[in-house]
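# Fold and contact review
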Amino acid sequence: MDMTLESCRTFVEVLASNAPAPGGGGAAALVGAIGTALGNMVGSLTVGKKKYADVEEEIIALKAKCDALQKELLDQVEADDKGFVPLAKAYGIPKDDPNRDQVLEEATITACAVPMHIMELCCEAIDCVAVFAAKGSRLAVSDAGCAAVCCKAALQAASLNVFINTKTLKNRDVAEDMNRHANVMLNKYGQLADEIFEDVKAGFGQ
């Protein structure tokens with residue numbers, strides 16, 4: 001079942017249940033999509049306004065990018081579910097099966113792929129939000145701040161779904177490569193999201 005086709009209430013109810021999916025990865029993808037959409041809303045409220053005519057072309061291009069990012073992040077809700085299935089099955093293999101370790105290793109790497117991609121998409125979204133916050137309608141700048149917060153939360157949440165899996169990998173070189181990539185994104189874009197939030201907050205005298 002593609003949970004993004006269900007109501008918000010149903011999504012939250014299933015998330016709260018003992019169902020295997022959606023879980024942290026799917027929730028991160030949804031929050032990332034919401035954050036991206038909030039930034040996109042700032043763009044929508046900017047386009048067509050004479051006051052922002054000089055940045056309209058740039059904002060329109062960013063909106064098109066965010067349209068694609070929103071869709072791809074929503075697609076990751078179901079993708080995360082499917083990516084976890086092989087790992088769940090692998091854990092069910094008897095411990096005396098000689099192929100268990102290899103199957104488990106491959107399934108664990110597969111389970112890392114979607115949350116890592118969610119992180120990458122959130123980084124792209126934060127880059128867009130930075131522009132919306134700096135150049136978009138001042139009437140909606142608080143929404144750009146909210147967008148940054150949501151995208152950062154999604155970035156951090158997705159990272160935990162990477163780290164819980166890389167911890168169990170036997171191939172430590174592969175694990176450390178993934179960890180490095182995830183931490184670079186966390187550090188760079190977590191800081192950028194914080195800067196956006198603080199700039200927006202400062203604009204309100206806070």
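For the structure itself, consult the block above.
What counts and what doesn't
- Residues numbered from 1 in each chain as written.
- Predicted model: local features only at pLDDT ≥ 70, side-chain atom pairs only at ≥ 80, totals over all residues.
- Heavy atoms only, no water.
- Helix = DSSP H or I, 4+ residues; strand = E, 2+ residues; numbered from the N terminus.
- Buried < 20%, exposed > 50% of the residue type's maximum accessible area, 1.4 Å probe, protein only.
- Axes fitted to C-alpha atoms, helices over the stretch in contact; angles between N-to-C directions.
- Parallel < 35°, antiparallel > 145°, perpendicular 65-115°, else oblique.
- Left-handed = near helix turned anticlockwise from the far one by under 90°.
- Disulfide = S-S within 2.5 Å.
- Nonpolar A, V, L, I, M, F, W, Y, C, P; charged D, E, K, R; others polar.
- Contact = heavy atoms within 4.5 Å.
- 1 Å grid on protein atoms, 1.4 Å probe; cavity = no way out; pocket = protein on both sides within 12 Å on 5 of 7 lines; lining within 4 Å.
- Points joined across faces, edges and corners; volume = space filled by probe spheres on them.
- Expected span 1.5 Å × (residues − 1).
- Polar contact = N/O pair within 3.5 Å; in protein donor to acceptor, adjacent residues only side chain to side chain.
- Core = buried A, V, L, I, M, F, W, Y, C linked by side-chain atoms within 4.5 Å.

## Digging into the overall build of the chain
The number of helices and strands found in the chain is 6 helices and 0 strands. Listed N to C, the secondary structure of the chain is α-α-α-α-α-α in terms of helices and strands. The principal-axis extents of the C-alpha atoms in the chain amount to approximately 70 × 35 × 30 Å. Within the span of the chain, comprising 206 residues, buried residues form 42% of the whole.

## Quick word on the packing of helix α4 (residues 100–135) against helix α5 (residues 141–166)
It is the contact of α4 with α5, at a shortest axis distance of 8 Å, that shows an interaxial angle of 160 degrees. The angle between α4 and α5 places the two elements in the roughly antiparallel class. The element α4 and its partner α5 pack so that their crossing is left-handed.

## Overview of the state of the cysteines
Summed over all chains, the structure comprises 0 disulfides. With no disulfide partner, cysteine 112 has as its closest neighbouring cysteine sulfur the one in cysteine 123, 16 Å distant. Free of any disulfide, cysteine 128 has its nearest cysteine sulfur in cysteine 66, 3.8 Å distant.

## Observations regarding the packing of α5 against helix α6 (residues 172–202)
Remark: α5 packs on α6, axes separated minimally by 9 Å, with the N-to-C direction vectors making an angle of 165 degrees. Relative to α6, α5 is oriented roughly antiparallel. Both α5 and α6 take part in a crossing whose hand is left-handed. Broken down by class, the residue content of the contact of α5 with α6 amounts to 16 nonpolar, 8 polar and 3 charged.

## Quick word on the environment of alanine 140
Mapped onto the elements, alanine 140 comes out in the loop between α4 and α5. Along the backbone, alanine 140 and serine 44 are 96 residues apart, and their C-alpha atoms lie at a distance of 9.9 Å. In this view, alanine 140 contacts Val42 and Leu45; residues no more than four positions away in its chain are not counted.

## Notes on the environment of alanine 175
Looking at the element boundaries, alanine 175 is found in helix α6. Beyond its immediate stretch of four places on either side in the chain, alanine 175 contacts Thr166 and Leu169.

## Looking at the layout of surface pockets
The rolling of a water-molecule-sized probe over the atoms marks out the regions of remaining empty space. Of the volumes computed, that of the largest pocket is approximately 320 Å³. As for the largest pocket, its lining consists of 22 residues, of which Asp80, Phe84, Ala111, Asn161 and Asn165 are closest to the centre. At the level of secondary structure, the elements contributing two or more residues to the lining of the largest pocket comprise α2 (24–44), α3 (56–91), α4 and α5. At 7 residues, the largest contribution of residues to the lining of the largest pocket is made by α3. Broken down by class, the residue content of the lining of the largest pocket amounts to 11 nonpolar, 9 polar and 2 charged.

## Side note on α6
Look at α6: 43 Å from first C-alpha to last across 31 residues, which is about the 45 Å you get at 1.5 Å a residue. Structurally, α6 contributes buried residues whose contacts are with α4 and α5. Two to three positions downstream of the cap, the backbone nitrogen of aspartate 173 sits 3.1 Å from a side-chain oxygen, assigning the N-cap of α6 to asparagine 171.

## Some words on the nonpolar core
Nonpolar side chains in soluble globular proteins tend to end up buried together. Residues Ile118, Met119, Ile126, Phe132, Leu155 and Ile196 are the most contacted members of the largest nonpolar core, which totals 50 residues. Of all elements in the fold, only α2, α3, α4, α5 and α6 reach the threshold of two or more residues within this core. Element by element, the count of residues in this core is highest for α4, at 15 residues. The residues touching methionine 119, leaving out its near neighbours within four places in the chain, are Leu155, Ala158, Ser159, Val162, Ala182, Met185 and Leu186.

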